[in-house]
Amino acid sequence: MKPETHFPYKQSFQQLNINFKDSIRFKLMTTVIIITSVFVALFLYLNYVNEIKRLNQQVNNNFSLLADILKNDTNRWLTYRENDVASMAANPLIQQYLSDIMSGSAGSSRARTELLRYWMEVKAQYGVYDEIYFVSKDGEIMVSTNPEREHILRPQDAIINKPLTTGSIYFQDAYMSYYNNKPSIAYSTPVRNLSQNHPKNAGYAGVLVCRIDIQTVLQPMLESQVNLGKTGEVILINENNTAITELRNRPGSALNYNLKSEPALKVTQGEEGLLKGLGYNGQEIVSVYRYLPQTGWGIIIRQETSEIYGPVKYNALRFTITGLSALLLMLLIMYITFSRFLKPVKEMADVARDISRGNLSRRTQIQSRDEIGVLGQTLNSMADDLEQQFKVQKTRQDVLVALSSNLNMCDILNRGLNIICRSYSYNVGAIFLVDDQKKTLLCKAMYCPGQKLNRKEAIKMGEGLEGFAALTQGVQLVTGITEDTVYTVNWLGGSLQPAAIVAIPVAFGSETLGVISLASVNGIDQRDINELTDIGNLFGVAINNNLSHEETQRLSHNLQELNEQLAQQNEELNAQSEELLSQTEELQAQSEELLGVTDELQKKNHELERVGEQKSRFVATLSHELRAPLNAVISFSDVLLDKVMGELNQQQEKYLREILNSGQHLLNLINDLLDHSKIEAGQLELKIEEVDPSAPLEEAITMVSADISRNRLVITNSIKPHSYLVAADRDRLKQVFLNLLTNAVKFTPKSGQITIGARVNNLVVEFWVADTGIGIDKKDQDIIFEEFKQGENASGTIGTGLGLAITKKLLELQGGKIFVSSAKEQGATFTFTLPLVDVGLAGLTGQREASHAESQIKSKSIGTPIMFLQKPVDKAVLLEHLERIQHQHAGAPLTVMVIDDDPVIRGYLAAVLAPRGYKFLEASNGLKGIEKACDQKPDIIILDIIMPGANGFEVMDKLGEESWVRDLHIFILTSKNLTQEERNYLESRF
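What you see is a predicted model, and the numbers here were worked out from it, not measured in a lab.

Caption draft 1: View of the overall build of the protein chain. When you go through the protein chain residue by residue, the secondary structure sums to 24 helices and 29 strands. Within the protein chain, the fraction of its 990 residues that count as buried is 42%. Summarising the internal contacts of the protein chain: among those between residues at least 6 apart in sequence, 63% fall at separations of at least 24. Counting only carbon and sulfur atoms, one obtains 53% of the accessible surface of the protein chain, whose full area is about 54400 Å².

Encoded structure:
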């Protein structure tokens, strides 16, 4: 008989035929039909929908008709008012009266009396005008129906300016009156000047104004034509969605409340229609809206739906209550019916709860033939499976406890085999382990209660059921054993013929460790085989652990022997260690001495660092304190030399130039000392970027242009825009050019020449500044780049000896170098290098970068709102930027506002800008500056950073929140050296 290697587990269920009349579906359908037959919801719903539809159509027609009437009446009323004003202004008699009043002639008193009498008749006839008055072009009210307002100045707003500018009637949209603080509208029109003797005769004598009170005239006119119950109202809004008339539920809302509802948004866009939605008070409304193109207003007629649909809802409520009563009755019937059907379901729930609590023997007693009966039988079957699984789980747990109880191989195998045979009712069993050296299976454990088996001690691999299972690593099963079979179990009482024998391999990974052989007289179930296969894997893990433990003990023994050998070697090393210890002590003494010296040096270094920081702070503080008076000296000297305060004689002009030159020299000295201090302290921040050197070069030439003209020097610049792109800090590159040009101008005699050029050399651009000056001796060409050193030829010349030293360090920080080529009395050529961004850009950037550079220049002159200037301000640079901005405004006069706490700066800028046609405003601190800027809305703001109260950063924050600053230009003018982070912050405010 061949062993079976595969025995699939099969289980079938008998299909239950359920009569349709006994099914839950039939019972539920019957109940639902009975309930729905008495339910009248469809009738109620259709009746309600039809009533609502009819009422909606009626409301739409009525509201639309009313809105059209109001729109036509309002347009006609506004047209009448415009005609009234036009006729009064065109009346020759009125013009003559106003001309007499303006001229102050002998008949002016009579003219005033007649004019007021006529105006009072107009007010009484139409009953719409709150005040009629005439105001001169200067804003003085010359005559008014309100005597208290005569001869006072009113603001020159659009009511006055617009008619005088356009020469036509101007309609002033709803506004809050200056006089009575009430919502008003006004019509104003220019009146021609008939007096030829009036000194201010310019075509118009002034403006005729007719003001109308909205609340007492316009709002009552609108409300008198409608009757919208307790919640309805007519709302008039302007083009900004602001309520012109008073809202019913919001007192004081006229010109103070902005409507954000959908009808308000649509009507201000010129749309007309009808909508249902939420009103400004949060209630659902129906609203119709119409647009008045003549004024840009919108008319909204609204009424709450609760008032419109109230009667319909009341009737619907009556029908609904009746329907609900019937529905409750049906629910009661359904409840009784379902309670009867759900009783067995409750029983199944109780059984499931008891099973979840551990009572696996609990079963349902449901015998019905419907779906619930099938569900009860299925629950009992699941309980049987669960009980079997619990039994398997407990067996596995017992096996795990036995396998992990100790590390003795024979003990764990015998205890594990005993648990398996008792749990699965096997009569006999044995465990064989593989002997890799002999290629056999050795019996290590046996089970036969009350008897002693005649066991076979060894089985060859591949021999018998156990050998075949070990060789193939597959479960081997033999069933249907006949009497003449060789598969018998021999024991001392005789032989036992089993009904089935199974051999289960024990493996760890891919390695076979043994076989479990089991025999039963009752047969073996496939589920038991599957579970025993998993248990065999547990045996594999336990046997592998035991073998690993034995191997570990063997290795531990070997390690102990090696440790004893190492102990002997250790004793020899100890002797050598003592000798080394004495040498170590000597070295430690020397090390402690060196540590003492090192500590002393560290203290000295800390002290030097502290002194260096104090020096840097002192230099920075001193430079800031010296700049303020120097700014005043330089600024006012420059103003006086401009001769805007009056002409100067030759001697005065000479003295002022000496003062200006001395002040600039002192300022340059302070700047050099501050830069030198920052470089030495490592605090100089650079912003390396791609720079076109022609731009900073032109700015440097502009700054020395006055000295070039004064000395009649000829300067030649061969560096054209867009020729090169270098990696550099733009401001520091301008400082390098300025230092070299300043030296060239200083040491070149009158009528001399200065030449500037550049060329590409490998991966750098070489720039040179050459002059025809006194030259530099060979022996001095190295020391001139040292701090506070000058050449012999420069003795007696004003200078600190820091300019070239700072230039050299700035270039080195940007990856460049500088050197000089010169001879005494033969001029000097200073050459410096900077890294080229890309070799391919040299000489070709005119094609690839022209558009980019052009856009940069355009953005700098038009779109860039922030310009950074250093105190004292360079007048030429400032005026150049202002002229660019004025050119953009087509030459219109610009308003420039200066916000600075230093009165010297404000006075200097006023002296420079006012004579050149700029309208000048000033503020002494940040808070006043914000208030005045928001009120006057200047074109340009010159802003200081360090001020009491609100500093420049806070001013920028506040102005950045305003909508009118989109076209504003801002110049940051400060003596503070702004970091790149501070510059980025200021630029991000707009």
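Caption draft 2: Inspection of the packing of aromatic side chains at higher detail. With the rule as written, the count across this model stands at 10 aromatic pairs. Between phenylalanine 767 and phenylalanine 832, the aromatic rings sit 5.2 Å apart at their centres with planes inclined by 20°, giving stacked as the arrangement. Of the two residues, phenylalanine 767 is situated in strand β22 (residues 764–771) and phenylalanine 832 in strand β24 (residues 828–835); the sequence distance between them amounts to 65 residues. Each of the two residues, phenylalanine 767 as well as phenylalanine 832, counts as buried.

Caption draft 3: Structural context of the packing of helix α20 (residues 875–888) against helix α21 (residues 903–913). The geometry of α20 relative to α21 is characterised by a closest axis approach of 12 Å and an angle of 55° between their N-to-C directions. It follows from the interaxial angle that α20 and α21 lie oblique. By crossing handedness, the relation of α20 to α21 is classed as right-handed. Of α21, the residues touching α20 (which contributes Lys875, Leu878, Leu879 and Leu882) are Tyr908, Leu909, Val912 and Leu913. The residue makeup of the contact of α20 with α21, split by class, is 7 nonpolar, no polar and 1 charged.

Caption draft 4: The packing of helix α16 (residues 730–747) against helix α17 (residues 803–813), seen in detail. Direction vectors running N to C along α16 and α17 enclose 150°, while the axes themselves pass 10 Å from each other. Here α17 runs roughly antiparallel to α16, going by the angle between their axes. Here α16 and α17 pass one another in a crossing that is left-handed. Judged by residue contacts, Arg732, Gln735, Val736, Asn739, Leu740 and Asn743 of α16 engage Gly803, Leu804, Ile806, Thr807, Leu810 and Leu811 from α17.

Caption draft 5: Examining the sheet that holds strand β9 (residues 297–304) more closely. If you walk across this open sheet you meet the 4 strands as β6-β9-β8-β7, and the pairing is antiparallel. Sheet topology places β6 (233–237) and β7 (273–278) at the edges, where each strand pairs with a single neighbour. For this sheet the average axis-to-axis angle between neighbouring strands, irrespective of direction, equals 25°. Direction of pairing for strand β8 (residues 284–292) relative to β9: antiparallel, over a ladder of 8 bridges. Bridging from a neighbouring strand, valine 286 pairs with glutamine 303 of β9.

Caption draft 6: Here's a closer look at the side chain of glutamine 303. Within the secondary structure, glutamine 303 sits in strand β9. Other than its neighbours up to four places away in sequence, glutamine 303 contacts Phe63, Leu228, Gly229, Thr231, Gly232, Ile285, Val286 and Ile308.

Caption draft 7: Structural context of the environment of glycine 827. Looking at where glycine 827 falls in the secondary structure, it is placed in the loop between β23 (818–822) and β24. Exposure remark for glycine 827: the relative accessible area of 3% places this residue in the buried category. As for glycine 827 and glycine 775, which are separated by 52 residues in sequence, their C-alpha atoms are 4.1 Å apart. The contacts of glycine 827, once residues within four sequence positions are left out, are Asp771, Thr772, Gly773, Ile774, Gly775, Ile776 and Ser822.

Caption draft 8: Representation of the pattern of salt bridges in the model. Enumeration over the complete set of coordinates arrives at 23 salt bridges. Glutamate 233 is the partner of arginine 302 in a salt bridge, and the nearest nitrogen-oxygen pair spans 2.8 Å. Of the two residues, arginine 302 sits in strand β9 while glutamate 233 sits in strand β6, which places them 69 residues apart along the sequence. With respect to burial, arginine 302 and glutamate 233 carry one shared label: buried.

Caption draft 9: Examining the sheet that holds strand β5 (residues 204–213) more closely. With antiparallel pairing, 5 strands are arranged side by side in an open sheet as β2-β1-β5-β4-β3. Every other strand in the sheet has two partners, leaving β2 (141–144) and β3 (170–176) as the edge strands with one partner each. The mean inter-strand angle of the sheet, taken between neighbouring strand axes irrespective of direction, is 25°. When strand β1 (residues 131–136) meets β2, the two strands line up antiparallel, connected through 3 bridges. Note on β2: the bridge partner recorded for tyrosine 133 is serine 144. Across the face of the sheet, helix α3 (residues 92–103) comes into contact with β1, β2, β4 (183–192) and β5 while running at roughly 130° to β2. Contacts between helix α4 (residues 108–126) and the sheet are confined to β1, β2 and β5, with β2 contributing the most and set at about 55° to the helix.

Caption draft 10: The arrangement of the pairing of strand β27 (residues 919–923) in detail. As paired elements, strand β26 (residues 895–899) and β27 share 5 bridges and run parallel to each other. In the strand pairing of β27, valine 896 is matched with phenylalanine 920. Handedness of the crossover joining β26 and β27 through α21: right-handed.

Caption draft 11: Seen up close, α21. Within α21, the full set of buried residues consists of Ile905, Arg906, Tyr908, Leu909, Ala911, Val912 and Leu913. Two or three places before valine 904, at the start of α21, stands the capping residue aspartate 902, its side-chain oxygen 3.0 Å from that residue's backbone nitrogen.

Caption draft 12: Region of the structure containing unusual backbone geometry. Positive phi, normally seen in glycine, also occurs at arginine 712, with a value near 55°. Among the secondary structure elements, arginine 712 is positioned in the loop between α15 (694–710) and β19 (714–717). Note on arginine 712: relative accessible area 51%, which makes it exposed.

Caption draft 13: Main features of helix α6 (residues 214–223). Regarding α6, the residues found buried are Ile214, Val217, Leu218, Gln219, Met221 and Leu222. Each buried residue of α6 sits inside an arc of 160° when the element is viewed along its axis, so together they form one side. Of the residues that open α6, the one with a side-chain oxygen 3.1 Å from the backbone nitrogen of glutamine 215 is aspartate 213.

Caption draft 14: Highlighting the nonpolar core. Among the nonpolar cores identified, the biggest contains 55 residues, and Trp77, Trp119, Phe134 and Ile301 are the most heavily contacted of them. Take this core: its biggest share by element is 12 residues, from helix α2 (residues 41–90). In this structure, tryptophan 119 is in contact with Met88, Ile132, Tyr133, Phe134, Val143, Ser144, Thr145 and Leu208, ignoring residues within four places of it in sequence.

Caption draft 15: Here's a closer look at the confidence of the model for the protein chain. Per-chain confidence: the protein chain averages 79 in pLDDT, with 84% of residues scoring 70 or above. Mean pLDDT per element in the protein chain: helix α19 (residues 850–863) is the minimum at 39, and β22 is the maximum at 94. Every residue in residues 1–17 is under pLDDT 50, and counting partners more than four places away or in other chains gives 25 contacts. Predicted confidence for residues 839–864 stays below pLDDT 50, and this span has 28 contacts to residues more than four positions away or in other chains.

Caption draft 16: Focus on the environment of valine 143. Note on placement: valine 143 falls in strand β2. C-alpha separation for the pair valine 143 and leucine 115, spaced 28 residues apart in sequence, amounts to 8.7 Å. In contact with valine 143, other than residues within four places in its own chain, are Leu98, Ile101, Arg112, Leu115, Leu116, Trp119, Ile132, Tyr133, Phe134 and Glu150.

Caption draft 17: Up close: a nonpolar patch on the surface. Together, Leu329, Leu332, Ile333 and Ile336 give the surface a local cluster of nonpolar side chains, amounting to about 400 Å² of exposed area. Tracing the backbone shows leucine 329 in helix α9 (residues 310–356). A relative accessible area of 53% places leucine 329 in the exposed class.

Cut-off values and rules
The written sequence of each chain sets the order in which its residues are numbered from 1. Local features are withheld for residues below a pLDDT of 70 in this predicted model, meaning they are given only at 70 or higher, and side-chain atom pairs are given and counted only at 80 or more; totals for whole chains, interfaces and linings count all residues. Hydrogen atoms and water are omitted, and side-chain values are computed over all heavy atoms in the structure. Only DSSP runs of H or I reaching four residues or more are called helices, and only runs of E reaching two or more are called strands; each is numbered from the N terminus. To sort residues, take the accessible area from a 1.4 Å probe on protein chains only and compare it with the maximum for the residue type: under 20% means buried, over 50% means exposed, and anything in between is partly exposed. Between two residues, a contact is recorded if the distance between any of their heavy atoms is within 4.5 Å. Using a 1.4 Å probe, the Shrake-Rupley method yields the accessible areas, and only the shown protein chains count as cover for residues. What counts as a ring pair is set by centres within 6.5 Å for rings of Phe, Tyr and Trp (its six-membered ring), and what kind of pair is set by the plane angle: stacked under 30 degrees, edge-to-face over 60, tilted for all other angles. Axis lines are fitted to C-alpha atoms, over the contacting stretch for helices. Their N-to-C directions set the angle, which ranges from 0 to 180 degrees. Roughly parallel covers angles under 35 degrees, roughly antiparallel covers those over 145, roughly perpendicular covers 65 to 115, and oblique covers all other angles. Take the far helix as the reference: if the near one is turned anticlockwise from it by less than a right angle, the crossing is left-handed, and if turned clockwise, right-handed. Gly falls in the polar group here, along with every residue not listed as nonpolar (Ala, Val, Leu, Ile, Met, Phe, Trp, Tyr, Cys, Pro) or charged (Asp, Glu, Lys, Arg). Note on pairing: DSSP must find at least two bridges between two strands before they are called paired. A carboxyl oxygen of Asp or Glu within 4 Å of a side-chain nitrogen of Lys or Arg is what we treat as a salt bridge. For the handedness criterion, the strands are oriented away from the viewer, and a crossover whose path from the first strand over the helix to the second runs clockwise is classed as right-handed. N or O atoms within 3.5 Å of each other form a polar contact, as long as, within protein, one can give a hydrogen and the other can take it, and as long as residues adjacent in sequence are counted only when both atoms are side-chain atoms. What the arc covers is the set of directions going from the helix axis to the C-beta atoms. The nonpolar core is taken to be a set of buried Ala, Val, Leu, Ile, Met, Phe, Trp, Tyr and Cys residues, with the residues joined through side-chain atoms within 4.5 Å. Scored from 0 to 100, pLDDT reflects the predictor's confidence in each residue. Each patch is built from salt-bridge-free residues with over 30% relative accessible area, joining like charges within 9 Å and nonpolar side chains (Val, Leu, Ile, Met, Phe, Trp, Tyr) within 5 Å.

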